[in-house]
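What the coordinates show
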Amino acid sequence: MTDIAGEARFMGAVTALTMHEMQNILAIIRESAGLMGDILKVNARVDFKHRPNMERTLEHITTHVERGKGLLEATSRLAHSPDDDMLDSCDLAVHARVVALLSERLVRLKGASVNFTPVPAPLPVAVGALRVLMIGYQSVQWAVGSGTKDGHVKVELEPGQDFHIMTVVPPQGVTPDAKALDCIRKLLDDGRLEWDGRMLRIFFPVRK
Amino acid sequence: MDMSTWNILLVDDEVEFITTLAERLELRGINARVTHDGESALKEVAVNEPQVIVLDVMMPGMKGLEVLQRVKEAHPKVQVVLLTGQGKTRDGIEGMQHGAFAYLMKPLDLEELIHTLKDALQSGRGNRHD
């Protein structure tokens with residue numbers, strides 16, 4: 001781990017606690033909206049003027065609680081990434097999903113979206129969680145370049161014998177800055193990356 | 001299964017969350033008692049042993065995992081479903097190692113909770129992980 005480990009741990013610990021509070025807040029909002037929805041259902045025959053508005057509003061709450069849940073999980077994983085048991089290895093399957101969740105906003109600001117294809121089994125790699133998140137996030141940032149309209153950044157995983165691979169495919173028509181790859185490459189101590197002009201493949205050594 | 005006969009105890013220090021959850025269960029014909037900390041939960045279990053406890057892991061005072069262990073020592077037949085934070089699977093896994101039936105992440109999906117309660121009641125023992 002680098003010399004900023006202490007700072008990263010501090011930030012992680014404080015963020016994790018805050019995320020725990022956020023989770024309780026979301027849980028209360030979700031259950032309260034759920035109860036209102038239940039009551040509307042129980043009284044389905046009782047008509048009142050603003051019933052459709054109320055039902056629509058409850059739908060919005062539910063949709064955005066779900067959205068918040070994803071962000072909460074991702075931020076919580078980020079916060080726990082400097083934990084002792086995450087320093088030298090992690091599950092690439094989980095953390096690649098976290099990369100996609102965390103980079104959604106960044107990519108949307110560039111007029112694109114992130115498509116992540118999950119894999120069913122864990123992919124243990126001999127790289128710490130924080131490092132995987134940095135590499136993944138910077139790769140998505142690199143892939144989206146200076147922006148595109150209606151494009152998709154694809155994040156995919158390929159299980160392997162010696163290396164598990166994270167693939168980042170930039171939106172069509174976007175030519176990412178080749179120099180930015182050096183920054184990502186520097187983060188890969190025991191891994192490597194390949195850019196074939198169409199997709200970036202990042203090789204993470206398998207945890208034996 | 002007749003849900004009105006279920007004996008459920010909900011334990012969470014977030015009062016608005018857990019009382020609203022109890023109300024939603026009640027609307028579905030499930031009676032659930034509520035306590036807000038580990039000590040009260042243990043007292044409640046001693047007086048009226050529930051079939052299933054839904055237990056928050058992170059509470060002030062006695063933590064959920066300690067409550068789980070004490071319940072399992074004194075009342076091994078009681079099934080415990082843990083509530084953990086998003087992305088905190090470690091707590092859930094540790095809980096499973098201490099005999100929890102399942103763990104669910106907050107915010108909850110009510111239908112998933114009811115499904116888990118049903119499974120917990122049907123299986124006298126044996127663990128399940130969501």
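Residues numbered from 1 in each chain as written. Chains lettered and ligands numbered in written order. Predicted model: local features only at pLDDT ≥ 70, side-chain atom pairs only at ≥ 80, totals over all residues.

1. So, helix α5 (residues 110-122) of chain B
Residues and elements named next belong to chain B. The condition is simple: The way it works is that DSSP assigns letters per residue, a run of H or I at least four long becomes a helix, a run of E at least two long becomes a strand, and they are numbered from the N terminus. The length a helix should cover is 1.5 Å for every residue beyond the first. Burial is judged by counting the other C-beta atoms within 10 Å of a residue's own C-beta: 20 or more makes it buried, 12 or fewer makes it exposed, and any count in between marks it as partly exposed, with every C-beta position built from the backbone. Working definition: the arc comes from the directions between the helix axis and the C-beta atoms, pointing outward to the latter.
A rise of 1.5 Å per residue sets the reference length of α5, with its 13 residues, at 18 Å; its end C-alpha atoms lie 18 Å apart and thus fit the reference within 8%. Listing the buried residues of α5 in full gives L113, T116, L117 and A120. Mapping the buried residues of α5 onto a view down its axis gives an arc of 105°, with all of them on the same face. In this structure, α5 carries E111 and Q122 as exposed residues pointing more than 90 degrees from its buried face.

2. Overview of the interface of chain B and chain A
Spelled out, the test is: Here contacts are defined at the residue level, using C-beta atoms placed from the backbone and a cut-off of 7 Å between them. For this scheme, ten residues count as nonpolar: Ala, Val, Leu, Ile, Met, Phe, Trp, Tyr, Cys and Pro. Four count as charged, namely Asp, Glu, Lys and Arg, and the remainder, Gly too, count as polar.
Taken together, the contacts link 17 residues of chain B with 21 residues of chain A. Per-element accounting of the side of chain B that touches chain A gives the leading share, seven residues, to helix α1 (residues 15-27) of chain B. Considering only residue class, the side of chain B that touches chain A consists of seven nonpolar, four polar and six charged.

3. Brief notes about the sheet that holds strand β5 (residues 163-169) of chain A
Residue and element names in this part refer to chain A. As a reminder of what qualifies: Here a strand pair is declared whenever DSSP counts at least two bridges between the two strands. Axes, fitted as lines to C-alpha atoms, cover a helix only where it is in contact. Angles between the N-to-C directions of the axes lie from 0 to 180 degrees.
Taken in spatial order, the five strands line up as β2-β4-β5-β7-β6 in an open sheet, and their pairing is mixed. The sheet is open, and its two edges are formed by β2 (112-116) and β6 (192-195), each paired on a single side. Sheet twist, expressed as the mean angle between neighbouring strand axes with direction ignored, is 15°. As paired strands, β6 and strand β7 (residues 200-205) are joined by four bridges and run antiparallel to one another. Bridged to R192 within β7 is F203. The strands touched by helix α5 (residues 129-144) within the sheet are β2, β4 (151-158), β5 and β7, with β7 carrying the most contacts at an inclination of about 175°.

4. Thoughts on the pairing of strand β2 (residues 32-35) of chain B
Residue and element names in this part refer to chain B. Stated formally: The path from the first strand over the helix to the second decides the hand: if it runs clockwise while the strands point away from the viewer, the crossover is right-handed.
Here four bridges tie strand β1 (residues 8-11) to β2, and the two strands are oriented parallel to one another. Across the sheet, the residue bridging to L10 is V34, located in β2. Between the parallel elements β1 and β2, the chain passes through α1 in a crossover that is right-handed.

5. What about the nonpolar core?
Put simply, the test is: Definition of nonpolar core: a set of buried Ala, Val, Leu, Ile, Met, Phe, Trp, Tyr and Cys residues joined via C-beta atoms within 7 Å. What fixes the domain bounds is an automatic or database domain assignment.
Judged by nonpolar contacts, the single largest core of 73 residues is most densely connected at I53 and V80 of chain B. At nine residues, α5 of chain A tops the list of elements feeding residues into this core. When residues of this core are assigned to domains, at least three map to each of domain 1 (5-80) and domain 2 (88-205) of chain A. V80 of chain B has contacts with I53, L55, L68, V71, A100 and F101 of chain B, leaving out every residue within four places of it along the chain.

6. Topic: the packing of α5 of chain A against helix α6 (residues 180-187) of chain A
Residues and elements named next belong to chain A. Inclusion rule: These descriptions rest on fixed angle ranges, namely under 35 degrees for roughly parallel, over 145 for roughly antiparallel, 65 to 115 for roughly perpendicular, and the rest for oblique.
Between α5 and α6, the shortest axis-to-axis distance is 10 Å and the interhelical angle comes to 170°. With respect to each other, α5 and α6 are oriented roughly antiparallel. Two secondary-structure elements touch here, α5 through R131, M134, I135, Q138, S139 and W142 and α6 through A180, L181, C183, I184 and L187. Of the residues in the contact of α5 with α6, the class split is eight nonpolar, two polar and one charged.

7. What about the sheet that holds strand β3 (residues 52-56) of chain B?
All names here are of chain B. Taken together, the five strands give an open sheet; going across it, the order is β2-β1-β3-β4-β5, and neighbouring strands pair in parallel fashion. Pairing within the sheet leaves two strands with one partner each, and these edge strands are β2 and β5 (102-105). Strand-to-strand twist in this sheet, taken as the mean axis angle between neighbours without regard to direction, amounts to 20°. As judged from the four bridges shared by strand β4 (residues 79-84) and β5, these two strands associate in the parallel manner. Within β5, the position partnered with L82 by the bridge is Y103. Helix-sheet contacts for helix α3 (residues 64-74) involve β3 and β4, and the interaxial angle to β3 is about 155°. Strands in contact with α5 are β1, β3, β4 and β5; relative to β5, the strand with the most contacts, it is inclined by about 175°.

8. Concerning helix α4 (residues 89-97) of chain B
All names here are of chain B. Looking only at α4, the buried set comprises D91, G92 and G95. Looking down the long axis of α4, one finds its buried residues gathered within 100° of arc, a one-sided arrangement. Where the residues of α4 are buried, they touch α3, β4 and β5.

9. Digging into the confidence of the model for chain B
All names here are of chain B. Rules: Confidence per residue, as judged by the predictor, is encoded in pLDDT with a range of 0 to 100.
For chain B, mean pLDDT is 91; residues scoring 70 or higher make up 92% of the total. Below pLDDT 50 for its whole length, residues 125-130 participates in eleven contacts with residues either more than four positions away or in separate chains. As scored by the predictor, the complex reaches a pTM of 0.81 and an ipTM of 0.83.

10. What to know about the confidence of the model for chain A
Of the residues in chain A, 96% have a pLDDT of 70 or more, and the chain-wide mean is 89. The least confident element of chain A, judged by mean pLDDT, is α6 of chain A at 85; the most confident is strand β3 (residues 124-125) of chain A at 96.

11. Concerning the domain arrangement of chain A
All names here are of chain A. Each assigned domain of chain A is listed here: domain 1 (5-80) and domain 2 (88-205). Each of domain 1 and domain 2 has a C-alpha centre, and these two points are 28 Å apart. With six residues of domain 1 in contact, the opposing surface of domain 2 contributes seven residues. In terms of residues, the side of domain 1 that touches domain 2 owes the most to one element, helix α2 (residues 51-80), which gives five residues.

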